[in-house]
Amino acid sequence: MVIPACEQLTPLGGGADACVPAEVQAAFDRSCGGGSCHTDGGKAGGLALGNGEAAAAIGRASVGSALPLITIGDTRGSYLAQKMVSDPATPITGDRMPVGFQGTNADQVADVNTILGWVAGGAYADCGAGTDTGNDTGNDTGTVANGLPCDVDAVLATYCRSCHGDPPVGTVVSLLGLEDLLADAPSDPTKSLGERSVERMNADVAPMPPAPATRPSAAEIAVVADWVAAGMPAGDCTVGPGPFDVEPVCTSKKNWTGGNEEDPRMHPGVACIDCHTSMDEGPDLLVAGTVYPTGHEPDDCYGSASILVHVTDASDRTVELRTNSAGNFLLEDGEAPAGFGPPYRVEVVSDVGTRAMSSAAPHGDCNACHTQDGDDDAPGRVVLPW
Ligand code: HEC
Ligand code: HEC
Ligand code: HEC
């Protein structure tokens, strides 16, 4: 993740620690500086967070607790982070922040994850120690045994590791292998992360994964719950390579050779909407993309036919699209419900299972991000459930 420089901030004696990445400040501005809340004018709780002021909260004493407001690298030692999590490790005064937080509000959830990830010590290229975490969204589990039974591993891989990967995104913990699940939960060291994972998957309030991500089914939760109840015995699942660990290959061995000939099978893998818009040709597509069997297939290579793609729009309406013989799926403007629009929640469904995008897609040109190597933090192609 590369964040543009945050030169607008004056470090407060904390050196690099006092740097607030632009993306994080934007999340504060949206979720905390609004209305008469934490702005210069209306410092609720004596605290201004909007308009580039979040840096002032680093290391500062809080009004509601003995904890400082923000200690970078320590969410449990940051009162502000504890005010934002669903089950704080420290008693908090007043309501959970941001005011009116709803787990179903994708924008709020994204802002909270951004802020918590920053407090947790997330790496930002422009703020000190940051290293570029590239496109690694935690799906690559490598080819080594991670100590988990395969069925447990599959649930965590599908629903959890886009955030609880290596490095974790917006959270403090990784859920990659047996050792991680046996470790104490930061929020409650009397419990293991395995136990907390089961509690949070079943939780009515603030479930894991957080909305709007697709939750595991009762049967999938039971797989993990039964294993945790049995004392988390080591499994011998040799984790095979994930779809994004596979070398670039055109699995279908079939390529589109028709150029810009009008055909819904055209240019699999290439950003459809971007080209139609810039050439001002072809139909108006709201959503379009290509599903592949592996993560890094080249442009114009045919993908997987007859796979379902569910797209749910900002008003909670879901359309079901099916890939054609080139692996392409598309939703023409004229065929969509009136006003169908982003952000979209998406999942790819096959007989094997579901692969969901945990964050919401800001627009429907799937292949624009899901390029061969992955753009905009995407891990690579839109792939089939493995
Ligand atoms: C979209 C990102 C995201 C996904 C996907 C996600 N989590 Fe989380 N998780 C978070 C964030 C952010 C926190 C910290 C805030 C909180 O506790 O609500 C968290 C906290 C947790 C905690 C609390 C750790 C503690 O200290 O008690 C557990 C356990 C957990 N997640 C388990 C899971 C499991 C199991 C899954 C998959 C079924 C999952 N999460 C999927 C973002 C995510
Ligand atoms: C490089 C530019 C380019 C890309 C990439 C592209 N298209 Fe097109 N598309 C066109 C042009 C140009 C036309 C109009 C051709 C014509 O009218 O002869 C068109 C027409 C179409 C049509 C109308 C076909 C018909 O039978 O009327 C469909 C459907 C379509 N594109 C789907 C897609 C999909 C799906 C993708 C992505 C997987 C895509 N296109 C990618 C340029 C592109
Ligand atoms: C702005 C860029 C962007 C767009 C547009 C986008 N995605 Fe994604 N997608 C991502 C990122 C980043 C991730 C990894 C993090 C996550 O899951 O939220 C991802 C993850 C996914 C995943 C899960 C990854 C995995 O482990 O297999 C699926 C499935 C997916 N996207 C499908 C789609 C579909 C279908 C569309 C079009 C409707 C789409 N995406 C549009 C950026 C994008």
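Everything numeric in this text was worked out from a predicted model, so none of it was measured.

The rules behind these values
- Within each chain, residues carry numbers counting from 1 in the order of the written sequence.
- Written order decides the labels, with chains lettered from A and ligands numbered from 1.
- Only residues with pLDDT of 70 or above have their local features reported here, since the model is predicted, and side-chain atom pairs are shown and tallied only from 80 upward, although totals for entire chains, interfaces and linings are computed over all residues.
- Each side-chain value is worked out from all heavy atoms of the structure, with water and hydrogens disregarded.
- Atoms are scored as donors when they are N, O or S and lie within 2.8 Å of the metal, with 3.2 Å used for Na, K and Ca; no water is included, so coordination may look incomplete.
- Angular criteria define each label, namely tetrahedral for four donors with all angles between 85 and 135 degrees, square planar for four and octahedral for six donors with opposite donors over 155 degrees apart and remaining angles between 65 and 115, and irregular for whatever fails these tests.
- In this description a helix means any DSSP run of H or I spanning at least four residues, a strand means any run of E spanning at least two, and both kinds are numbered starting from the N terminus.
- Think of it this way: one heavy atom of a residue within 4 Å of a molecule or strand is enough to make that residue near it.
- Distance and chemistry together define a polar contact, namely a pair of N or O atoms within 3.5 Å, with one atom able to donate a hydrogen and the other to accept it when in protein, and with adjacent residues in sequence counting only for side-chain atoms on both sides.
- Gly is put with the polar residues, along with every residue not named as nonpolar or charged; the nonpolar set is Ala, Val, Leu, Ile, Met, Phe, Trp, Tyr, Cys and Pro, and the charged set is Asp, Glu, Lys and Arg.
- For the domain bounds, the source is a domain assignment made automatically or taken from a database.
- Every axis in this analysis is a line fitted to C-alpha atoms, fitted for helices over the stretch in contact. Angles between the N-to-C directions lie between 0 and 180 degrees.
- Each angle gets one of four labels, with under 35 degrees taken as roughly parallel, over 145 as roughly antiparallel, 65 to 115 as roughly perpendicular, and the rest as oblique.
- Left-handed is the label given to a crossing in which the near helix is rotated counterclockwise from the far helix by less than a right angle, and right-handed is the label when the rotation is clockwise.
- Contact between two residues is taken to exist if any of their heavy atoms lie within 4.5 Å; hydrogens are not considered.

**Q** Which residues make up the coordination of the iron atom of ligand 1, and what values go with them?
**A** Around the iron atom of ligand 1, the protein contributes the donor atoms His164 (NE2) and Met208 (SD), at 2.0 to 2.2 Å from the metal centre. Around the iron atom of ligand 1 sit 6 donor atoms; with metal-centred angles ranging over 87 to 178 degrees, the donor geometry is octahedral. With a gap of 44 residues between them, His164 in the loop between α4 (150-159) and α5 (178-182) and Met208 in the loop between α6 (193-202) and α7 (218-229) connect regions that are remote in the sequence.

**Q** Describe the site of ligand 1, and please don't skip the residues or the numbers.
**A** With respect to spatial proximity, 23 residues lie near ligand 1, and among them Cys160, Cys163, His164, Ser187 and Met208 are the closest. Between ligand 1 and Arg200 there is a distance of 2.7 Å, counted from an oxygen atom to a side-chain nitrogen or oxygen. Listing elements by their share of the shell around ligand 1, those giving two or more residues are α3 (106-119) and α6. Counting residues per element, the shell around ligand 1 draws most heavily on α6, at 5 residues. Here the shell around ligand 1 is composed, by residue class, of 13 nonpolar, 8 polar and 2 charged. For the shell around ligand 1, the domains that each give at least three residues are domain 1 (15-119) and domain 2 (150-240).

**Q** Run through the packing of α6 against α7, naming residues and quoting values.
**A** At a minimum axis distance of 9 Å, the contact between α6 and α7 shows a crossing angle of 150 degrees. Considering their axes alone, α6 and α7 lie roughly antiparallel with respect to each other. Considering how the two elements wind past one another, α6 and α7 form a crossing that is left-handed. On α7, the residues touching Gly194, Glu195, Val198, Met201 and Asn202 of α6 are Ile221, Val224, Ala225 and Val228. Residue composition of the contact of α6 with α7, grouped by class: 6 nonpolar, 2 polar and 1 charged.

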